[in-house]
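Residue-level structure breakdown
Residues per chain are reported as follows:
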Amino acid sequence: MRINNFEEYQQAYKKSVEDPEGFWGEIANEFVWKKPFDKVLEWNFEEPNVKWFLGGKLNITENCLDRHVENKPQQTAIIWEPNDPSDEAVSLTYKVLHERVCRFANVLKKHGIKKGDRVCIYMPMIPELVVSVLACARIGAIHSVVFGGFSAKSISDRINDSQCKMVITSDGAVRGTKSIPMKETVDDAIVTCPSVEKVIVATRTRTPVSMIKGRDYWWEDEIKKVSADCPAEEMDAEDPLFILYTSGSTGKPKGVVHTCGGYMVYTTYSFVNAFQYNPGEVYFCTADIGWITGHSYIAYGPLAAGAINVMFEGVPTYPDAGRFWDIVDKHKVNIFYTAPTAIRALMGNGLEYLEGKDLSSLKVLGTVGEPINEEAWQWYHKYIGKEKCPIVDTWWQTETGGFMITPLAHITKTKPSYATLPLPGIQPALMDENGNEIEGNDVSGNLCIKFPWPSIIRTTWGDHERCKQVYFSSYPGKYFTGDGCLRDEDGYYRITGRVDDVINVSGHRIGTAEVEDALNMHLGVVESAVVGFPHDIKGQGIYAYMIMDKPVEDGEMLKKDILATVTRIIGPIAKPDHILFVNGLPKTRSGKIMRRILRKIAEGDVSNLGDTSTLLDPAVVDEIKAKVGLA
Ligand code: 7RM
């Protein structure tokens with residue numbers, strides 16, 4: 001599975017296109033299967049219907065745990081670095097992690113969880129989170145991890161969409177100087193969730209929480225009552241492994257479904273190759289397991305590859321902006337993977353936070369989540385990588401399950417702001433506005449993928465039609481990513497950002513429609529329109545234009561109230577950076593909001609608003625321009 005030089009990359013790529021089944025079949029055979037697969041691939045992008053490794057039976061946790069326990073039981077699987085640097089880091093060997101997973105899997109079983117049941121996990125970055133995820137996988141329960149920053153309402157929407165029977169949470173969480181309630185938020189959420197029968201609560205903060213008899217159980221008590229022996233459930237390659245909700249341009253977040261076999265093969269393959277992971281190296285991904293990056297490149301990929309995985313509970317700026325570098329120094333991290341927003345934030349704090357930090361263990365740097373600007377790339381390369389570590393700019397999505405376009409560390413020549421070349425098995429296509437593929441180099445268009453790869457989204461939970469609509473109908477026969485992209489004269493790819501109504505705030509996807517729905521729930525709001533605008537640290541910020549039912553008197557107070565509503569409905573990550581009260585919104589004669597114009601105004605650039613001939617009432621634009629002083 002390991003590619004060792006550029007020539008091997010080219011050969012692998014060629015084979016993956018000419019003989020995809022042979023290519024992936026060989027790689028898949030390097031894993032532990034309970035029963036070998038009979039057929040590698042069956043697919044069409046019309047329904048869509050994609051199946052990998054048909055007839056194969058496996059359990060992903062045997063690949064992430066048992067096989068390493070056999071070969072190297074004493075190797076560290078996870079180094080947990082707590083929020084407070086004066087608390088001790090915790091190391092879990094593969095043997096210990098295996099035992100904890102099996103024990104907790106038995107707790108799940110004891111509380112009635114069976115194969116195929118959905119379990120919601122709402123937890124901070126503590127070892128119990130990884131244990132919960134793997135324990136679900138051990139018994140074939142489908143986990144739905146909800147990021148700890150989401151509100152009670154967001155949790156209950158997700159729980160209800162997939163009818164979770166259980167929630168796993170913690171009493172509280174600590175992030176930086178903040179103490180955050182978790183169980184309390186779950187309590188608020190499940191008032192409206194009749195499917196939830198049990199709640200398991202891990203202890204982290206030992207803050208008081210309400211425990212309901214017959215429903216709520218302490219993790220630490222329950223694990224004492226069960227054995228540490230839990231045989232792995234036999235799963236079909238195409239049985240769902242997890243659901244992860246992600247925002248799109250319309251409606252509520254959708255539950256992206258990934259399945260056991262293909263996801264395992266692809267996350268492992270991509271992890272080993274993009275980062276050129278060697279046994280014994282220490283890998284540190286700063287993402288939260290609440291996002292796909294944490295699923296694929298903390299929980300599953302690295303563990304399946306037998307890696308040493310640093311898991312960090314805290315934030316990059318606590319106790320100061322040197323925390324990541326302290327962790328790199330302390331645990332002698334070899335591969336460091338973070339988001340451009342974090343790099344920009346730390347860059348802004350100055351170089352003094354690098355003083356005295358030994359970063360010489362670093363060999364590879366990674367980035368993900370949003371386009372990385374040239375300035376951040378150069379800073380990362382020079383000051384963190386000391387000009388000797390390649391920057392692996394990994395472009396991928398919740399729906400793709402794993403890296404799609406990325407350099408291979410030390411193999412692919414990198415280029416600032418470019419994700420460079422597709423991994424073997426990935427066939428990108430750039431599309432023009434007429435739906436035709438654009439051939440050749442030095443071109444740009446909308447990014448599609450022409451052929452399935454093992455960890456492609458299988459469906460959106462409970463609504464296959466939506467999966468088809470969103471991803472497979474814009475360009476018939478192709479998977480549409482929602483991203484714009486250019487291919488330069490060398491055939492290198494550069495992702496330019498979303499072309500739909502999704503805003504990327506600090507690498508987090510937020511749908512404009514979702515934020516608008518939350519804003520519209522606030523008392524007195526008639527209508528709102530949300531757009532993204534360039535933000536120095538976050539990449540994009542959220543700009544909201546709002547029409548109120550009466551003239552606004554105390555604008556500042558009202559804005560605070562509105563932000564409180566957004567926090568309540570979605571979570572703090574969706575709070576607009578700017579709110580502008582307006583009397584009208586620019587609409588076409590058919591009633592569509594012309595977001596393009598609102599984006600320009602939010603950007604502070606009205607020199608060229610483009611074609612405004614379809615505007616119903618041009619005076620509306622003049623009013624907004626005057627309000628922001630751009631007239
Ligand atoms: C992994 C993840 C996906 C969206 C995607 C892009 C953007 C992600 C990069 C990137 C430029 C990158 N999943 N994106 N990685 N843009 N360069 N290396 O982020 O589902 O949360 O977001 O993020 O727009 O469509 S995600």
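Refer to the structure above for everything that follows.
1. Structural notes on the overall build of the protein
- In terms of regular secondary structure, the protein is built from 18 helices and 31 strands.
- Considering the protein as a whole, with its 631 residues, one finds that 61% of them fall into the buried category.
- Sequence-distant contacts, at least 24 apart, represent 70% of the contacts inside the protein between residues at least 6 apart.

2. Re the sheet that holds strand S22 (residues 437-438)
- Here 5 strands make up an open sheet; going across it, the order is S22-S21-S23-S25-S26 and the pairing antiparallel. Both edges of this open sheet fall to S22 and strand S26 (493-498), since each of them pairs with a single strand only.
- Taken together, the 4 bridges between strand S21 (residues 428-431) and strand S23 (residues 443-449) define a ladder with antiparallel strand orientation. Pairing of Leu 430 across the sheet is with Leu 447, part of S23.

3. Considering the pattern of salt bridges
- Counted under the stated rule, the structure contains 39 salt bridges.
- The shortest N-O distance in the salt bridge between Asp 216 and Arg 215 comes to 2.6 Å. The burial state of Asp 216 is the same as that of Arg 215; both residues are buried.
- Ionic pairing is found between Arg 458 and Glu 238, a salt bridge with its closest N-O pair at 2.9 Å. Placement of Arg 458 in the loop between S23 and strand S24 (459-460) and of Glu 238 in the loop between strand S13 (235-236) and strand S14 (240-246) is noted, with a sequence separation of 220 residues between them.
- In this structure Arg 458 comes out as buried when scored by relative accessible area, which is 9%.

4. Quick word on the pairing of S14
- Counting buried positions along S14 gives 6 out of 7 residues, so the element sits mostly inside the fold.
- Where strand S7 (residues 142-145) meets S14, 2 bridges bridge the pair, whose relative direction is parallel. Looking at the pairing, Ser 144 lines up with Ile 243 of S14.
- Note that S14 and strand S15 (residues 254-259) share 6 bridges and pair antiparallel. Within S15, the position partnered with Ile 243 by the bridge is Val 257.

5. Remarks on the sheet that holds strand S4 (residues 76-81)
- Judged by pairing direction, the sheet is mixed, and its 7 strands sit side by side in the order S5-S4-S17-S16-S18-S19-S20 without closing on themselves. The strands lining the two open edges of the sheet, one partner per strand, are strand S5 (90-93) and strand S20 (391-393). The mean angle between the axes of side-by-side strands here comes to 20 degrees, regardless of whether they run parallel or antiparallel.
- Strand direction decides the pairing type here: strand S19 (residues 364-367) and S20, joined by 3 bridges, are parallel.

6. A word on the environment of Gly 484
- Tracing the backbone shows Gly 484 in strand S25 (residues 479-487).
- A C-alpha to C-alpha distance of 5.6 Å links Gly 484 and Gly 497, two positions 13 residues apart in sequence.
- Residue contacts for Gly 484: discarding those within four places in its chain leaves Gly 445, Asn 446, Arg 494, Ile 495, Thr 496, Gly 497 and Val 499.

7. Overview of the site of the ligand
- Near the ligand, the surroundings consist of 17 residues, among which Asp 393, Thr 394, Thr 398, Asp 483 and Arg 498 are the closest.
- Backbone polar atom of Thr 394 to a nitrogen atom of the ligand: 2.8 Å apart, as the coordinates give it.
- Here an oxygen atom of the ligand sits 2.8 Å away from a polar atom, N or O, in the side chain of Arg 509.
- Relative to its unbound accessible area of 520 Å², the ligand is 96% covered by the protein chains.
- At the level of elements, helix H10 (292-304) and S26 are the ones that each hand at least two residues to the shell around the ligand.
- Split by residue class, the shell around the ligand holds 6 nonpolar, 6 polar and 5 charged.

8. Observations concerning helix H7 (residues 183-190)
- Counting buried residues along H7, 6 of its 8 residues qualify, which places the element largely inside the surrounding structure.
- Residues of H7 that are buried include every one of Lys 183, Thr 185, Val 186, Asp 187, Ala 189 and Ile 190, and no others.
- Looking at the buried side of H7, the elements it contacts are strand S6 (118-122), helix H6 (152-162), strand S8 (166-170), strand S10 (178-181), strand S11 (198-202) and strand S12 (216-218).

9. Observations concerning the packing of helix H5 (residues 127-139) against H10
- Where H5 meets H10, the axes come as close as 10 Å, and the angle between the chain directions of the two elements is 65 degrees. Judged by the angle between their axes, H5 and H10 are roughly perpendicular. Residues Val 130, Val 133, Leu 134 and Ala 137 of H5 form the contact with H10, whose participating residues are Ala 299, Tyr 300 and Leu 303.

10. Comments concerning the state of the cysteines
- Summed over all chains, the structure comprises 0 disulfides.
- The thiol of Cys 64 is unpaired, and the distance to the nearest cysteine sulfur, on Cys 260, comes to 11 Å.

11. Some words on the nonpolar core
- Formed by 151 residues in total, the largest nonpolar core has its most connected members in Trp 24, Trp 33, Phe 53, Leu 97, Tyr 300, Trp 325 and Phe 336.
- No other element matches the 10 residues that helix H9 (residues 260-275) contributes to this core.
- In this structure, Phe 147, Ile 155, Val 505 and Val 515 belong to the second largest nonpolar core, which totals 40 residues.

12. Topic: the packing of aromatic side chains
- Throughout the structure, instances matching the rule amount to 46 aromatic pairs.
- Here the aromatic rings of Tyr 9 and Tyr 13 are separated by 6.1 Å at their centres, their planes lie at 45 degrees, and the arrangement is tilted. You can see Tyr 9 and its partner Tyr 13 sitting in helix H1 (residues 6-18), 4 residues apart, about one turn around the helix.
- A centroid spacing of 5.0 Å and a plane angle of 85 degrees characterise the contact between Tyr 297 and Trp 396, whose relative ring orientation is edge-to-face. In this pair, Tyr 297 is assigned in helix H10 and Trp 396 in the loop between S20 and S21, connecting sequence segments 99 residues apart.

Cut-offs and rules
Residues numbered from 1 in each chain as written. Predicted model: local features only at pLDDT ≥ 70, side-chain atom pairs only at ≥ 80, totals over all residues. Heavy atoms only, no water. Helix = DSSP H or I, 4+ residues; strand = E, 2+ residues; numbered from the N terminus. Buried < 20%, exposed > 50% of the residue type's maximum accessible area, 1.4 Å probe, protein only. Contact = heavy atoms within 4.5 Å. Pairing = 2+ DSSP bridges. Salt bridge = Lys/Arg side-chain N within 4 Å of Asp/Glu carboxyl O. Axes fitted to C-alpha atoms, helices over the stretch in contact; angles between N-to-C directions. Near = heavy atom within 4 Å. Polar contact = N/O pair within 3.5 Å; in protein donor to acceptor, adjacent residues only side chain to side chain. Areas by Shrake-Rupley, 256 points an atom, 1.4 Å probe, with all protein chains shown as cover. Nonpolar A, V, L, I, M, F, W, Y, C, P; charged D, E, K, R; others polar. Parallel < 35°, antiparallel > 145°, perpendicular 65-115°, else oblique. Disulfide = S-S within 2.5 Å. Core = buried A, V, L, I, M, F, W, Y, C linked by side-chain atoms within 4.5 Å. Phe/Tyr/Trp six-rings, centres within 6.5 Å; stacked < 30°, edge-to-face > 60°.

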